[in-house]
Amino acid sequence: MKIWTLLVILTTCGVLDAKKEILIGGIFHGDDELSQKVFRTTFESINNMQYKYKFTPHVFNITRTDSLKAQEIVCNLSKKGVMAIFGPNSVETSGIVSSLAEKLEIPHLIYHWKTKPLQRVDYIDPKMTLNFYPDSDAIAKTLAGILIDYTWKSYTIIYENEENLLRLKDILQVHQPNGDNLVTMMKLEDDNYAILMKKVKFSQVKNVILDIDVDKILPLFEAAKLVGMTGDYHRYFLTNLDTATLNFKDITESLVNITTIRLSNVSSGFMDDALRNINGYGENTIEATKVPLESALVHDAIHFFVNALDFYVENPKNAKMKAKSCTDVQDTSGRTQQQSFGYGLMEFMRAREYTGITGQIEFFKGNITEKRGSRTEIKLDVLEFSRDSSNFNKIAHFDSTNGMIFDFSESENDDKIIAAIQNKTFIITTRAEAPFLFHNTVDKDGMPLEGNAQFSGYAVDLIKRIQGNLHFKYVFQLVDDGKNGNFDAAKGEWNGLIGEILKGRADLAIADITITCDRKKVVDFTTPFMNLGISILYTKPKPKEKNLFSFFDPFTTDVWIYTGLVYIFISVLVFVLSRVNNDDWESSHPCNQDPDEVESIWNILNCVWLMMGSIMGQGSDILPKGSSTRIVTGLWWFFALIMLASYTANLAAFLTSDRLTSSINGAEDLAKQVKIKYGALKDGSTMRFFQFSNYSTYQRMWATMERNGDIFNPKSNDEGVNKVEKDNGDYAFMMESVPMEYQTQRKCTLMQVGEWLDSKGYGIALPLESPYRKFFSTQILKLQESGVLAKLKEDWWKAPAGEECPPSEMPHDDLDIGNVGGVFLLLLGGCLVALLIAIIEFSMNVQEVAINEKITHWNALKSELAFAFNFRILTKPVRSNSTEIISRKSTPPRSMKSRSRFGSEKNLKIKPNRSASLDSRTTEPAKSKSLFDLHFTSEKKGKISTLF
């Protein structure tokens, strides 16, 4: 009996405490079954809780474009006093529902991507609609912030329609297509994704941003895999918030670098509650990571509404919507009447905050008066695809306040990349160019070589040193065209080593690859492992052969001839003028002031002697007295002064002209002349330096090189070096200093001319934004600091023992006999001529003595020789019959000497023997004495002196 009484009491209390029934409408489409399931199960779960209300959801299904059906459903629900309407999630049908909800003042909650009308700058969100999907502007700013942190230099954007561009507008503002970043826009217009991905591959851009529907993502990646766009260096960023729910298992082996974003917090307790509700109804279970965003937003929208209603109404009896018909609705934009329950509830919800599966939900930020109908503050998880787990792992999160915050430290990320390097086999493309790489198919014993054993050189040793620290595997392969890499405008692609990197055929490229601006736009480079610059390769000047008569070099042959002719002309001129000028005729004796006859000393020999002494800078003991002869002589002295000074100034330069000095000393000298041809490696970085230089000298040189054609612009460095050797001074080759140094170490006839024209470096090329670049650069810096790079260069650049070039002789200022030997020869020749003349004169004198003394020629010869070589005898008697000869050939008399040189005649001293000679014409002839008598007399005097 007591039990039955208790049951009656409980039943009565339950009736009294019955929950307030709330009608909820849900409009869905036929393809969103999971969202409908979440809608029903969430309300069922809420009804099982101790809430004041019992929610009765009414679910309707319409097509995505049936706006009339949507209108009908809203009107029917309004007549029943519906408290709120959820959905639909399509732009085509949600618009009419939002409009009717505003007229009927029914809270309308949606959860799909919605754009603002582009033509409405002052657009305001509908007053009765709340969109739980993030605002389009907030999404755009978030995507731009994430992409900025990635610092991609170039990428391709694949979008589906114009509305997708609204999500990307901030990205396009940051990375302008006409700026330094290469941005390509491609629209997904049909289902033939392979053609589109081929276009992306042809553009050689490795970074791709995908903004497409979730159901098109996997087919597009299948096409990317088909065309080879899923390698290590291809990176994809997917803006669709449902990307992480897809299954990439079928293409896991190819995919490595996929990044996406997610709004749902899969590890939250709200997600666990939602999964319990979802998985509790039905056979198939779903994982947290596979819950679509729409379903999560439906869950959050329901809890947000229920929580707000619970706080908004204290008494459940007051939670009542007025039933309205769509035929009697009024415009509420200028509201003056008392607000309805639905309007008040919407304002309350707009001001609330709530945390759910999709994070923090709020519809204003700081300014509660700003009526917003969409979420402006969001927090997105940044996910990265893991090939090991075939799932997306969270690596960071992004919000508008703090930006990108990674879940791991930089050192942890480095450890991850190093582990990837150690598990990777790098394909290294290179080209055969001494001394960087030598390719040999057989060893020194004739045995065949295979694999990496075929290669040796500086580049091989450098890779070995780096590999010793990073512990990776590598395979060398030669590029087909043997070029470093330039853009081929005709084909629209890069060739050479750079082309191999861009086409995905190689992971690294190492050779004498110069780091240039154009190349850095398409590939990444490590820290330079070698610095260099452009210089000029030219032949060493050959030293001139020793010329004994090099003292003639200061003047040309013409000048010497003209000088000789002028010398003869002036000598003859003075001779003629002295004959007609009375002042040059004098008395034969200076004491005779009134002579009967006068004579002139200016015979042709004396004129020649005067001119010779002047031009030799020695002067003469006879000078002219006539005005005309003095004028001519003075002008001759001036001429002789200039000629002698010019000769002396140039003599030293000509005597040292055999020093090793080149005819060109730099680019300026090359540009100013036309005799020496020059060129550079065809289509190489050196040629491009001249082609795009703004310096006028280099512009002139480029015009010359372009005009000269391919014959002077070789296709390889070896061809250019050989041409310099072959042309022997008629060709100069512009090349980089590093290979030039190698060539000059082995080819002793070549040298570097001038300084570097620029400064740059060689680096290892990698794909753009390669994650491995940092670690290779670090190893290069370590090798540089430890001196390993310098040692490697010395080992490979230095010529082998026995093949070194001899050290160049330093120029010196000393002159050897080869430079001035001609002067000695000329002096010797002059002495021989003088000796020959002396012998002739001596013979003639012997002949005369023999005749006059009536002795034999032999006795006369002995007598004259005895006298000549008896150095104690200082005087010589004058023979009477040879007085005229003596007066003619001996030193001119005093009266014949120039007064201007010797002054007054009274100061002159006349020796006795000379006076006797001078007076020979007026006095009796002295008695002739033979040399025998002279010899006897000298002997007699010697005996007398011995007596005393």
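Student: Sorry if this is basic, but what is going on with the packing of aromatic side chains here?
Tutor: The description of two aromatic rings rests on the distance between their centres and on the angle between their planes. Under the definition given, this model contains 47 aromatic pairs. For the pair Phe39 and Phe43, a centre-to-centre distance of 5.2 Å together with 75 degrees between the ring planes defines the contact as edge-to-face. Taken together, the residues span about one helical turn, with Phe39 and Phe43 both in helix α2 (residues 33-47) at a distance of four residues. Here Phe39 falls in the buried class, since its relative accessible area comes to 0%. The buried category is assigned to Phe43, whose relative accessible area is 0%.

Student: Hey, could you run me through helix α4 (residues 91-104) in this one?
Tutor: Helix length check: α4, at 14 residues, gives a terminal C-alpha distance of 20 Å against a target of 20 Å (1.5 Å per residue), a fit within 8%. For α4, the full list of buried residues reads Thr93, Ser94, Val97, Ser98, Leu100, Ala101 and Leu104. Of the residues flanking the end of α4, it is Glu105, one or two places downstream, whose phi is positive at about 55 degrees.

Student: Which parts of the structure should I look at to understand the sheet that holds strand β29 (residues 677-680)?
Tutor: Sheet strands associate in pairs through backbone hydrogen bonding, adopting either a parallel or an antiparallel arrangement. Spatially, β29-β30-β26-β31 is the arrangement adopted by the four strands of the open sheet, whose pairing is mixed. Among the strands making up the open sheet, the edge pair consists of β29 and β31 (750-753). In this sheet, neighbouring strand axes are inclined to one another by 30 degrees on average, regardless of whether the strands run parallel or antiparallel. Relative to β31, strand β26 (residues 534-539) runs antiparallel, the two being bridged by four bridges. Bridging from a neighbouring strand, Leu537 pairs with Gln752 of β31. In the packing of helix α22 (residues 717-727) onto the sheet, contacts are made with β26, β30 (731-736) and β31, and the angle to β30 comes to roughly 150 degrees.

Student: Any chance you could explain the pattern of salt bridges here in plain terms?
Tutor: Pairs can form between side chains of opposite charge once their charged atoms are near each other. For the structure shown, the criterion picks out 23 salt bridges. Among the salt bridges present, the one from Glu347 reaches Arg350, with a minimum N-O distance of 3.8 Å. With Glu347 and Arg350 both in helix α11 (residues 341-350), this residue pair falls three residues apart, about one helical turn. Accessibility assignment for this pair places Glu347 and Arg350 in one class, buried. Each of Asp232, Lys424 and Asp507 takes part in salt bridges that share partners, so that together they form one network.

Student: Help me out: how do you make sense of the pairing of strand β16 (residues 403-406) in this one?
Tutor: Remark: a regular strand shows side chains that alternate across the two faces of the sheet. In the sheet, strand β15 (residues 391-399) pairs with β16 via four bridges, with the strands oriented antiparallel. Note on β16: the bridge partner recorded for Phe398 is Met404. Hairpin geometry of β15 and β16 is characterised by an intervening segment of three residues between the two adjacent antiparallel strands.

Student: What exactly am I supposed to notice about the state of the cysteines here?
Tutor: Two cysteines, two sulfur atoms, one covalent bond between them: this is a disulfide. For the structure on display, the rule yields one disulfide. Covalently, Cys75 is tied to Cys326 through a disulfide, its sulfur atoms 1.9 Å apart. What sets the handedness of the Cys75 and Cys326 disulfide is the S-S torsion sign, and at about -110 degrees it is left-handed. Of this pair, Cys75 sits in helix α3 (residues 67-79) while Cys326 sits in the loop between α10 (293-312) and α11, placing them 251 residues apart in sequence. Assessed through its relative accessible area of 21%, Cys326 is described here as partly exposed.

Student: Explain a nonpolar patch on the surface to me, please; I cannot follow it from the model alone.
Tutor: Residues Phe549, Phe552, Trp560, Leu825, Leu828, Leu832, Leu835 and Ile839 make up a contiguous nonpolar surface patch of about 730 Å² in total accessible area. At five residues, helix α26 (residues 817-853) tops the list of elements feeding residues into the nonpolar patch. Inspection of the secondary structure assignment puts Ile839 in helix α26.

Student: Just to check I follow, could you spell out empty space enclosed by the protein for this structure?
Tutor: On inspection of all chains with the given rule, the structure shows four cavities of 30 Å³ or more. Size it by volume and the second largest cavity reaches roughly 60 Å³. Taken together, 13 residues line the second largest cavity, and the ones lying closest to its centre are Leu241, Thr245, Arg262, Ser264 and Val291. When grouped by side-chain class, the residues that make up the lining of the second largest cavity number eight nonpolar, three polar and two charged.

Student: What is the right way to look at the packing of helix α16 (residues 557-580) against helix α17 (residues 604-615) in this model?
Tutor: Angle between the axes and distance between the axes: these two values describe a pair of packed helices. Interhelical geometry of α16 versus α17 gives an angle of 135 degrees and a closest axis separation of 9 Å. Comparing their axes, α17 and α16 come out oblique. Handedness of the crossing formed by α16 with α17: right-handed. Contact residues: α16 offers Thr563, Tyr567, Ile570, Ser571, Val572, Val574 and Phe575, while α17 offers Ile604, Cys607, Val608, Met611, Met612 and Ile615. Split by residue class, the contact of α16 with α17 holds eleven nonpolar, two polar and no charged.

Basis of the calculations
Residue positions are counted from 1 within each chain, in the order its sequence is given. In keeping with the model being predicted, local features are shown solely for residues with a pLDDT of at least 70 and side-chain atom pairs are shown and tallied solely at 80 or more, while totals for entire chains, interfaces and linings include all residues. Computation of side-chain values: all heavy atoms of the structure, hydrogens and water removed. Pairing of aromatic rings covers Phe, Tyr and Trp, the last through its six-membered ring, and needs centres within 6.5 Å; plane angles under 30 degrees mean stacked, over 60 mean edge-to-face, and all others mean tilted. Helix and strand labels come from DSSP, where a helix needs a run of H or I of at least four residues and a strand needs a run of E of at least two; each type is numbered from the N terminus. Note on classification: 1.4 Å probe, protein chains only; a residue is buried when its accessible area is under 20% of the maximum for its type, exposed when over 50%, partly exposed between these limits. To estimate how far a helix should extend, the number of its residues minus one is multiplied by 1.5 Å. By this definition, two strands are paired if DSSP reports at least two bridges between them. For helices, the fitted line uses only the C-alpha atoms of the stretch in contact; every axis is such a line through C-alpha atoms, and the angle between N-to-C directions lies from 0 to 180 degrees. Contacts are assigned to residue pairs with any non-hydrogen atoms lying within 4.5 Å of each other. Here a salt bridge means any side-chain nitrogen of Lys or Arg lying within 4 Å of a carboxyl oxygen belonging to Asp or Glu. The rule for a disulfide is simple: a pair of cysteine sulfur atoms within 2.5 Å. Residues enter patches when their relative accessible area tops 30% and they take part in no salt bridge; the joining distance is 9 Å for like charges and 5 Å for the nonpolar side chains Val, Leu, Ile, Met, Phe, Trp and Tyr. Accessible areas in this description were obtained via Shrake-Rupley with a 1.4 Å probe; residue shielding takes into account the shown protein chains only. Only protein atoms enter the 1 Å grid, on which a cavity is a set of points fitting a 1.4 Å probe that cannot get out and a pocket is an open set with protein on both sides within 12 Å along at least 5 of 7 lines, lining residues being those with an atom within 4 Å of a point. Grid points are joined across faces, edges and corners, and a volume is the space filled by probe spheres set on the points. Classes in brief: Ala, Val, Leu, Ile, Met, Phe, Trp, Tyr, Cys and Pro nonpolar; Asp, Glu, Lys and Arg charged; the others, Gly included, polar. Here is the rule for angles: anything less than 35 degrees is roughly parallel, anything more than 145 is roughly antiparallel, 65 through 115 is roughly perpendicular, and the remaining ranges are oblique. Rotating anticlockwise by less than a right angle from the far helix to the near helix defines a left-handed crossing, while the corresponding clockwise rotation defines a right-handed one.

Coordinates in, geometry out; function isn't part of it.
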